Amino acid sequence: MNFNNNQLTTIKKLIDDRIYFLKENIFYCQNDIDYYSTKETEKEANKKAIAEAIKEKNNLLDLKNNILKNHE
């Protein structure tokens, strides 16, 4: 795909914002596991959320890298 500069800026911002949200979510889930979760089901749910967030974050980083590489 070819993007003009305005589109590229918007896409990068959207990806960066989503990555920031995912990092925050990972932090809060890990914090919940370490300090607040008392039930094993809560801990497992947080671990699952962390795994999904990491996978999505990595996919977004790959997407951003591919877009930037193709734009050059």
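Model, not experiment: these values are computed from the prediction. (Residues numbered from 1 in each chain as written. Predicted model: local features only at pLDDT ≥ 70, side-chain atom pairs only at ≥ 80, totals over all residues. Heavy atoms only, no water.)

K.L.:
Sorry if this is basic, but what is going on with the overall build of the chain here?
P.N.:
Per the secondary structure count, the chain includes two helices and zero strands. Its C-alpha radius of gyration of 16 Å places the chain more than 25% over the 11 Å reference for a compact globule of 72 residues. Seen through its principal axes, the chain has C-alpha atoms that stretch 50 × 15 × 10 Å. Scored against the burial criterion, the 72 residues of the chain give a buried share of 21%. A sequence separation of at least 24 residues applies to 70% of the contacts in the chain between residues at least 6 apart. One finds the centroid of the 12 positive side-chain charges in the chain at a distance of 3 Å from the centroid of its 12 negative side-chain charges. (Helix = DSSP H or I, 4+ residues; strand = E, 2+ residues; numbered from the N terminus. Rg over C-alpha atoms; globule rule 2.2 N^0.38 Å. Buried < 20%, exposed > 50% of the residue type's maximum accessible area, 1.4 Å probe, protein only. Contact = heavy atoms within 4.5 Å. Lys, Arg positive; Asp, Glu negative; His and termini not counted. Charge placed at Lys NZ, Arg CZ, Asp CG, Glu CD.)

K.L.:
Just to check I follow, could you spell out the side chain of Asn46 for this structure?
P.N.:
Residue position: Asn46 is located in helix H2 (residues 40–71). The buried category is assigned to Asn46, whose relative accessible area is 12%. Setting aside anything within four residues of it in sequence, one finds Asn46 in contact with Cys29, Asp32, Ile33 and Ser37.

K.L.:
What's the story with the packing of aromatic side chains in this structure? I'm lost.
P.N.:
Aromatic ring pairs: the centre-centre distance and the angle between the two ring planes describe each pair. Going through the model one piece at a time under the given rule, you end up with two aromatic pairs. On the basis of an interplanar angle of 65° and a centroid distance of 6.5 Å, the ring pair of Tyr35 and Tyr36 is categorised as edge-to-face. The burial state of Tyr35 is the same as that of Tyr36; both residues are exposed. (Phe/Tyr/Trp six-rings, centres within 6.5 Å; stacked < 30°, edge-to-face > 60°.)

K.L.:
Mind showing me how you'd approach the environment of Arg18 here?
P.N.:
Along the chain, the position of Arg18 falls in helix H1 (residues 5–36). A relative accessible area of 34% places Arg18 in the partly exposed class. If near-sequence neighbours (up to four positions away) are discounted, Arg18 is found in contact with Glu56 and Leu60.

K.L.:
Whenever I open this one, the packing of H1 against H2 confuses me. Can you help?
P.N.:
For any two helices packed against each other, one specifies the crossing angle of their axes together with the interaxial distance. Direction vectors running N to C along H1 and H2 enclose 160°, while the axes themselves pass 9 Å from each other. Judged on the interaxial angle alone, H2 and H1 are roughly antiparallel. Our pair here, H1 against H2, has a crossing hand that is left-handed. Taken together, the residues that form the contact of H1 with H2 break down as 17 nonpolar, five polar and ten charged. (Axes fitted to C-alpha atoms, helices over the stretch in contact; angles between N-to-C directions. Parallel < 35°, antiparallel > 145°, perpendicular 65-115°, else oblique. Left-handed = near helix turned anticlockwise from the far one by under 90°. Nonpolar A, V, L, I, M, F, W, Y, C, P; charged D, E, K, R; others polar.)

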